[in-house]
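Now for the letters of each chain:
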Amino acid sequence: MCGIIGKVGVGNVFPELLNGLKNLEYRGYDSAGVAGIIDNKIIRFRQEGRISNLEAEVEKASPESFIGIGHTRWATHGSPTKDNAHPHISTNGKFAIVHNGIIENSDELKKSFLEGKIQLSSRTDTEIVVQLMGLFYKGDVISAISEACKALTGSFALGILCEDTPNILYAVGQSSPLLVVKGKSGNYIASDFCAVGEGTDEVYRLTDGEICALTEGSIRFFNPSGAPIEKFPEKAEFSCVAFDKGNYEHFMLKEIFEQPKAVKDTINSFLKENEIVFPNVKLYDNFIKEKLEKIVIVACGSAYHAGLVGKSVLESLCKISCSVEIASEFRYSQSFINEKTLAVFISQSGETADTLAALRLAKKKGAKTLSIVNVTGSAIAEESESVIYTKAGREVAVATTKAYSAQLASLYALAIFMGGIRAAIDTERYKRLVEELRFLPEKIKRRITTLAPQMEELSKDIYKKRDVFFIGRLNDFATAAEGSLKMKEISYINSQSYPAGELKHGTISLIEEGTVVVAVAGKSKVFSKTASNISEVQARGARVILITDESEKDCKVTAEITVTVPETLKEFQSSLLVLPLQLLSYYTAKLRGCDIDKPKNLAKSVTVE
Ligand code: F6R
């Protein structure tokens, strides 16, 4: 994770670096730092915590440099202290670097090259890299960078300054995202285009250990051995929307309320008349109809939960076996996939390291790959054969809401699309599904406003609890799992989710007088089964909050509290049932005084495994 930025150009870079870092804070917010070169000497500022802490320190010192690098950290090696904050400087004072990624062989490198020679000042893997550069430097910076990077195993995007070449900013990109951007007032490196404050039409992506040297007016590229190479700007369109909370207290709440639009824009992007058409999906009818033997969905976190919903919709509408795998497990397991498999990768950021590695593995095994991604031009989108872009727009809150809803909508559409081709659904059913899909944003919109005050009230009953349980069956279990993740992620209340029928195999021993159990049970063939599980926990003193749809509101379940959402087809219910859970987590976290948009220990984009 971590975000890096660098600039060489006209004027003082520090204000720009700090602004850029604010736009990168979603990548980690444990500590931050910047460095520049003043009078041929490297100068550095670092602070624990948010960019605002660093900003105060830099403003006080008011340094001026036309070259600089900056970093916002999500700690991997070493705790989030000032000593471990980037930039790191070599003991000989020659090099300063910022790093995103993980050096897997840092301990071995320390033993082979540094022990007995250099006293380290941090516990980071990054310091090993800068010390190697200092050690290998004999007057040629590119050679020192190349030699040091050749020794590294792992992923690294680096921004580098060398005191002896105060007009040149260096960068390296190996399996961690790093863009080189030609700007109007100089040249930049950045983990994300949004960190660069000015318009440009020339953007390059550093890959496979490529090295770059930037001055105010030139950009040169080198291969990992240090030989010059030519590189061409990317065609992908890079754009950035300003972050603005509007009248909302938090981005998360704003994004919850943006869900009708996110789902509508997503659906509209592939609904042509009454047909589903995916412009970037290269799946031929005969593959879907005759060759395809199974679907594997791979993702992490909430995207994995979207995958669980997708599985049951795909199986129901396409009559094909589908499994859902956690990306970090899939990449190291026996994955029985081949050219008759469709591997679907779900990722909001399009950068999640495990999902990306799983995608590469699936390609190697010959599977057809399709990704459902929110960020245009991201690595997962670029490397997949086919892409469905969710149109949720930029999601700022670390806890996903609108991108999750857009993922669900995309999975429904994919299932209808493939079900139609496989003739697993007839024309009438296809039409009915499309019609209902079109109505979904309106149903979300209609209920979300009235749900908010109701869930705010309910959160008063929950926010002091130590534990909350979420249960459901089939699709409703996926929704319960998502609700539980949201709750623990932002409110830090210990919450657990279980398939409702599984409780009595152990977990029910935790239920006691007053334990809150949120039961998700939309209209389905297993409703009465979940109802029995609700009675079982109530018999042991649980207070049950039932989340169901309007058609089941008069059911025989006597939950302490019942929250309903509008009716829809059973395939699409998760999109509505998840809404109260998102809002409940939000208001509970708010009452607990949590930092809702930036929960502790997390980052929006998980680019390390
Ligand atoms: C939870 C959340 C995470 C992400 C997960 C995958 O609210 O946002 O669990 O869903 O880290 O991230 P992406 O979708 O970017 O691959």
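Our structure is the block above this text.
Predicted, not measured: the structure shown is a model, and the values here were computed from it.

Here is what the cut-offs are and how they apply
Residues numbered from 1 in each chain as written. Predicted model: local features only at pLDDT ≥ 70, side-chain atom pairs only at ≥ 80, totals over all residues. Heavy atoms only, no water. Axes fitted to C-alpha atoms, helices over the stretch in contact; angles between N-to-C directions. Helix = DSSP H or I, 4+ residues; strand = E, 2+ residues; numbered from the N terminus. Parallel < 35°, antiparallel > 145°, perpendicular 65-115°, else oblique. Left-handed = near helix turned anticlockwise from the far one by under 90°. Contact = heavy atoms within 4.5 Å. Nonpolar A, V, L, I, M, F, W, Y, C, P; charged D, E, K, R; others polar. Pairing = 2+ DSSP bridges. Near = heavy atom within 4 Å. 1 Å grid on protein atoms, 1.4 Å probe; cavity = no way out; pocket = protein on both sides within 12 Å on 5 of 7 lines; lining within 4 Å. Sits in = over half its atoms within 2 Å of the grid points. Domains from an automatic or database assignment. Buried < 20%, exposed > 50% of the residue type's maximum accessible area, 1.4 Å probe, protein only. Phe/Tyr/Trp six-rings, centres within 6.5 Å; stacked < 30°, edge-to-face > 60°. Lys NZ or Arg CZ within 6 Å of the ring centre and 35° of its normal. Points joined across faces, edges and corners; volume = space filled by probe spheres on them.

Asker: Teacher, can you tell me more about the packing of helix α3 (residues 106-114) against helix α4 (residues 125-136) here?
Answerer: Helix packing for two helices is described by the angle between their axes and how far apart those axes are. Remark: α3 packs on α4, axes separated minimally by 10 Å, with the N-to-C direction vectors making an angle of 30°. Taken as axis vectors, α3 and α4 run roughly parallel relative to one another. Of the two elements, α3 crosses α4, and the hand of that crossing is left-handed. Facing S106, L109, K110, F113 and L114 of α3, the residues of α4 in contact are D125, I128, Q131, L132, L135 and F136. Residue classes in the contact of α3 with α4 are distributed as 7 nonpolar, 2 polar and 2 charged.

Asker: Explain the sheet that holds strand β26 (residues 561-565) to me, please; I cannot follow it from the model alone.
Answerer: Whether parallel or antiparallel, the strands of a sheet pair through hydrogen bonds between backbone atoms. Reading across the sheet, the 5 strands line up as β23-β22-β24-β25-β26 and stay open at both edges, with parallel pairing between neighbours. Both outer strands of the open sheet, β23 (494-499) and β26, are each paired with one neighbouring strand and no more. Neighbour to neighbour, the strand axes of the sheet diverge by 20° on average, direction disregarded. With 5 bridges joining them, strand β22 (residues 467-472) and strand β24 (residues 516-520) adopt parallel strand pairing. When the bridges of β24 are listed, F470 appears paired with V518. Across the sheet, helix α14 (residues 427-462) touches β22, β24, β25 (543-549) and β26, and the angle it forms with β26 is around 160°. Contacts from helix α17 (residues 573-591) reach β22, β24, β25 and β26, with the element oriented near 145° to β25.

Asker: Sorry, what's going on with the site of the ligand here?
Answerer: Near the ligand, the surroundings consist of 14 residues, among which S347, Q348, S349, T352 and E489 are the closest. Placement of the ligand is best described as lying within the second largest pocket. Where the shell around the ligand is concerned, the elements lending two or more residues are α9 (301-318) and α15 (475-491). Grouping the constituent residues of the shell around the ligand by class yields 5 nonpolar, 7 polar and 2 charged. Two domains each donate at least three residues to the shell around the ligand, and these are domain 2 (248-425) and domain 3 (451-595).

Asker: Even after reading the chapter, I still don't get the environment of D476, so can you show me in this structure?
Answerer: Within the secondary structure, D476 sits in helix α15. Assessed through its relative accessible area of 4%, D476 is described here as buried. Along the chain, D476 and V578 lie 102 residues apart, while their C-alpha atoms are 9.1 Å from each other.

Asker: Please clarify how the pairing of strand β12 (residues 210-214) should be interpreted in this entry.
Answerer: Two faces make up the sheet, and in a regular strand the side chains alternate between them. Among the 5 residues that make up β12, 5 are buried, leaving the element largely enclosed by the rest of the structure. On β12, burial covers both faces: E210, C212 and L214 on one face and I211 and A213 on the other are all buried. Looking at chain direction, strand β8 (residues 169-174) and β12 are connected through 5 bridges and run antiparallel. The residue of β12 that forms the bridge with V172 is I211. Between β12 and strand β13 (residues 219-222), which pair antiparallel one after the other, the connecting turn spans 4 residues.

Asker: Is there a simple way to think about unusual backbone geometry in this case?
Answerer: Peptide bonds are, in most cases, trans, and in most cases residues other than glycine have a negative phi. Note the cis peptide between H86 and P87, where omega equals -5°. With respect to the element layout, P87 can be found in the loop between β4 (67-73) and β5 (88-89). In the Ramachandran plot, D39 falls in the positive-phi region, its phi being about 50° despite a non-glycine side chain. Here D39 shows up in the loop between β2 (31-38) and β3 (41-48). The exposure class of D39 is exposed, given its relative accessible area of 71%. Phi at N601 takes a positive value of approximately 70°, unusual for a residue other than glycine.

Asker: Even after reading the chapter, I still don't get the packing of aromatic side chains, so can you show me in this structure?
Answerer: Here the distance between the centres and the angle between the planes together describe a pair of aromatic rings. As enumerated under the stated definition, the model contains 9 aromatic pairs in all. Between Y586 and Y587 the ring centres are 5.0 Å apart and the planes differ by 80°, which places this aromatic pair in the edge-to-face class. Take Y587: its relative accessible area is 7%, and that puts it in the buried class. When the ring centre of Y492 is taken as reference, the NZ or CZ atom of K600 above it lies at 4.2 Å.

Asker: Explain the layout of surface pockets here, please?
Answerer: Within this model, the second largest pocket holds a volume of roughly 570 Å³. Where the lining of the second largest pocket is concerned, the elements lending two or more residues are α9, β19 (341-347), α11 (353-364) and α15. A breakdown of the residues in the lining of the second largest pocket according to their chemical character gives 12 nonpolar, 10 polar and 4 charged.

Note that every value here comes from positions in space, so none of it alone points to a role or purpose.
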